[in-house]
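# Secondary and tertiary structure notes
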Amino acid sequence: MGGKKPRIKGPPVWSEPLLTALTEREDRETEVGRGGGKAKQLGTPSAGKPTPTPPARFHLSVVRELHTGAGSMTGASIDHTVAPAWLDLTGDGDAIVSIAGGCPVAQWKVSENTSADVSVLCGDEEEAPSSRKTNAVSLVVRVKRDANGQTRAFVLQFTKKEDGYTVQEILTTENEKKEKKPRSCDEAGRGDVEPEKEKKKDVFEEKINPTSARAYFDYYASIAEQQNMLQDRVRTGTYFTAIMEHALESFKDKIVLDVGAGSGILSCFAALAGAKRVYAVEASGMATSCESLVRSDKRLAGVIKVIKGRVESDFVRREILDDLRRVGGVESTVDGDACVKNIDTLISEPMGTLLFNERMIESYLVARDIYLKQGGDMFPSKGRVHVSLYEDETLRREIAEKASFWNSNSSRDFYGVDLTCLGKKATAHYFAQPVVDAFAPGILVSNVPSTFEFDFLPGVSGVNHVDADDLKFISMPYQQTVTRNCTVHGVATWFDVEFSARGSGNSSSGNASGNSSVRKQSRSEGSSFKKSESSPSKTRWLTTAPGLPTTHWFQMRLPFQVPLALKKGQPVTGKVELTGLPNQSYEVVSSLEEEETSVAFNGRKQQSQKTAKGTYNLKDPYYRQLLFPQPGYTMAQTKRWFGDETAEPDSGANGFRGATR
């Protein structure tokens, strides 16, 4: 205990606070007051980040209650910590401290019952041994009156330093609103900023609803969801193979940025491929697990830097630039919207169902524009969406059966209430759900699936090149002919992405596919893409095509509530349009038209038109299949999917030419 600095100011009169920010369970069980700490007063440069709008959740590593009643022993406290623990700030202005995954310990009104002397505890880093140094931040919070009318005090240690400063700012600002103008700080907690000078929203905040963003990042913070993706052998194996076979061209001694790193598996692959530095940027709580994974492997710890934040934010930009200056000798500066074009290779897994769901590809393209140097590589470098008509009476009946409850005779007298008036609405709802499952290629009735190409690489002149703004509205028109007499029940879709270093495939030449018919509309009209046919090249494809090994994306079908009967050889015109929504998804409109010529009794030709149309919300799919069995492969299949072979597989058995590697 010797060698501590004396306190400049004594502890609050109501309690002896816990002075050290403890991170391990055995440390939390030691006596209160161990370690030399000091309380930082409000208004210091480290006072925090801009105040987010509640509701919000902040994860805690320590929840300790300090005794405040008369006769309490100095320094006495109770450790409530049972993981997972968090602090919720609700939209109603309440603060709720919960442990054990949701068991409330305390609840109070922030503006009315939070004491103004919220302080930040920081351990003496100079004196503390290296084993006890931590980046965590603890707040001392006094509650004047909780939901039960009790006066209480807590030491709350946050898993992330930024969260501690953010909560301090929120709790303090609520108490100061009526007395003085609110303050705000930059994202890294560097000093006060006048309200009129606060930074404007970044491109992500402008387009995405904050409630949707929180739910999205909470979902991907789940270890179970990360496991689901990691165990997708087609996904993970293809990324591994693509990175390793392009190690010399795109990763050896390169600076790499992993956009939306998740568990960090792609960052690990890049480091193992010889990258000089890898930035694993992850906005969800999974960043903590990613950092643990990196630290556990000496081969990775000195190469990968984990940054918790959104790739669009100035905070992430500063973190990358500061590190580049330190380890790479970069002399450039960043200010406001300035760019940091020092990244050699971008890697990401930004694909959602129908390729674009979740709108993460837009973040991938924003990262390209901010960070990727001229001539840099992107993995993936290109995406393709495939569209075909299908016939599946079994699926149509299954969807209709889901709404039968509302249309049945028993619903005419459901505990005395007639529910059948809602039958049409229920039927329309179920047919508006995109169907996610794996289907057999035999249900496809189009002569050739239509393919729409989207080139992610910068600096290309091809008409398929896309920017983030182009993906706010996407139009994919097509013309097809049916191969048999059939009833078209809807449109089937799947996607694939290409991995190719510059110069090793078509991506380097822009419109090398020779698809001169593809046109790109103005930003106000959105982007329209037509069918493209890529020439063979030495590239690797990750595909979700039917008839090939199933992935966790499966395929997607857009069912028509009213199907369309067609004759063999009959041409049809269709269109699939996607409109971006603030909930990180898309509204999809699929339409199909068929013009039929008939001869009237007077010998004149008459034109009649048949149509089928549906509107769908990608955020509300029907997951018809949840498991993606990937049985043992033959030696030839293993070589094709995870080896060096890049030739297209024989598609004769499937009767159509699907997406290939």
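Structure: see above.
What you see is a predicted model; the values in this text were computed from it and never measured.

### Some words on a nonpolar patch on the surface
- Together, Phe405, Phe414 and Tyr415 make up an exposed nonpolar region whose accessible area comes to about 370 Å².
- Summarising the element assignment, Tyr415 is placed in the loop between helix H15 (404-407) and helix H16 (423-431).

### So, empty space enclosed by the protein
- Here the structure, examined in full by the defined rule, presents 2 cavities of 30 Å³ or more.
- Together, Thr353, Leu354, Thr493, Trp494, Phe495, Thr544, Trp553, Phe554, Gln555 and Met556 line the largest cavity.
- Those elements that place two or more of their residues in the lining of the largest cavity are strand E21 (486-499) and strand E24 (555-566).

### Quick look at the packing of helix H7 (residues 233-245) against helix H9 (residues 265-272)
- Viewed as axis vectors pointing N to C, H7 and H9 meet at an angle of 25 degrees, and their least axial separation amounts to 9 Å. By the angle between their directions, the pair H7 and H9 is classed as roughly parallel. Relative to H9, the crossing made by H7 is right-handed. Here H7 contributes Thr236, Tyr239, Phe240, Ile243 and Met244 to the contact with H9, which in turn contributes Leu266, Phe269, Ala270 and Leu272.

### Remarks on the pattern of salt bridges
- Applying the stated criterion to the full structure yields 31 salt bridges.
- Residues Glu205 and Arg310 are paired through a salt bridge, measuring 3.1 Å at the closest nitrogen-oxygen approach. Of this pair, Glu205 sits in helix H4 (residues 203-207) while Arg310 sits in the loop between strand E14 (304-308) and helix H12 (314-328), placing them 105 residues apart in sequence.
- Between Arg624 and Asp437 there is a salt bridge, with the nearest N and O atoms lying 2.9 Å from each other. Of the two residues, Arg624 sits in the loop between strand E28 (622-623) and helix H17 (635-642) while Asp437 sits in strand E18 (residues 435-437), which places them 187 residues apart along the sequence.
- Looking at Arg624, the relative accessible area reads 29%, which means it is partly exposed.
- The class of Asp437 is buried, set by a relative accessible area of 3%.
- Bridged by salt links that share partners, the residues Asp392, Glu398, Asp437, Arg557 and Arg624 form one connected network.

### Considerations on the environment of Ala221
- Examined against the element boundaries, Ala221 turns out to sit in the loop between helix H5 (210-220) and helix H6 (223-230).
- On the basis of relative accessibility, which here comes to 29%, the residue Ala221 falls in the partly exposed class.
- When the C-alpha atoms of Ala221 and Ala287 are compared, they prove to be 8.0 Å apart, with 66 residues separating the residues in sequence.
- Apart from residues no more than four positions distant in its own chain, Ala221 is found in contact with Ser284, Gly285 and Met286.

### Let's talk about the pairing of strand E4 (residues 85-89)
- In terms of burial, E4 is a largely internal element, 5 of the 5 residues being buried.
- Neither face of E4 is exposed, since Ala85, Leu87 and Leu89 on one face and Trp86 and Asp88 on the opposite face are all buried.
- Of the pairings in the sheet, the one linking strand E2 (residues 56-66) to E4 comprises 5 bridges and is antiparallel in character. Residue pairing across strands places His59 opposite Trp86, the latter belonging to E4.
- Bridge analysis of E4 against strand E5 (residues 94-99) gives 4 bridges, and the strand direction is antiparallel. Counted as the bridge partner of Trp86 is Ser98 from E5.
- The loop that links E4 with its antiparallel partner E5 comprises 4 residues; one of these, Gly93, has a positive phi angle of about 85 degrees.

### Some words on the nonpolar core
- If you look at the biggest cluster of nonpolar residues, it comprises 103 residues, and the most contacted ones within it are Leu257, Ile304, Phe356, Tyr371 and Phe454.
- Examining the composition of this core, we find that 8 residues originate from one element, helix H13 (residues 360-371), more than from any other.
- Here Phe356 is in contact with Ile361, Val385, Phe454, Leu471, Ile474, Leu578 and Tyr586, once residues within four sequence places are set aside.
- Core analysis: the second largest hydrophobic core is formed by 23 residues, Ala85, Ile99, Val167 and Leu171 among them.

### Here's the deal with H13
- With 12 residues, H13 should reach 16 Å at 1.5 Å per residue; the first-to-last C-alpha distance of 16 Å fits that figure.
- Taken across its 12 residues, H13 has 11 buried, putting it largely inside the fold.
- Residues Met360, Ile361, Glu362, Ser363, Tyr364, Leu365, Val366, Ala367, Arg368, Ile370 and Tyr371 constitute the buried set of H13.

Reading guide: rules and limits
Residues numbered from 1 in each chain as written. Predicted model: local features only at pLDDT ≥ 70, side-chain atom pairs only at ≥ 80, totals over all residues. Heavy atoms only, no water. Patch = residues over 30% accessible without salt bridge, like charges linked within 9 Å, V, L, I, M, F, W, Y side chains within 5 Å. Areas by Shrake-Rupley, 256 points an atom, 1.4 Å probe, with all protein chains shown as cover. Salt bridge = Lys/Arg side-chain N within 4 Å of Asp/Glu carboxyl O. Helix = DSSP H or I, 4+ residues; strand = E, 2+ residues; numbered from the N terminus. 1 Å grid on protein atoms, 1.4 Å probe; cavity = no way out; pocket = protein on both sides within 12 Å on 5 of 7 lines; lining within 4 Å. Points joined across faces, edges and corners; volume = space filled by probe spheres on them. Axes fitted to C-alpha atoms, helices over the stretch in contact; angles between N-to-C directions. Parallel < 35°, antiparallel > 145°, perpendicular 65-115°, else oblique. Left-handed = near helix turned anticlockwise from the far one by under 90°. Contact = heavy atoms within 4.5 Å. Buried < 20%, exposed > 50% of the residue type's maximum accessible area, 1.4 Å probe, protein only. Pairing = 2+ DSSP bridges. Core = buried A, V, L, I, M, F, W, Y, C linked by side-chain atoms within 4.5 Å. Expected span 1.5 Å × (residues − 1).

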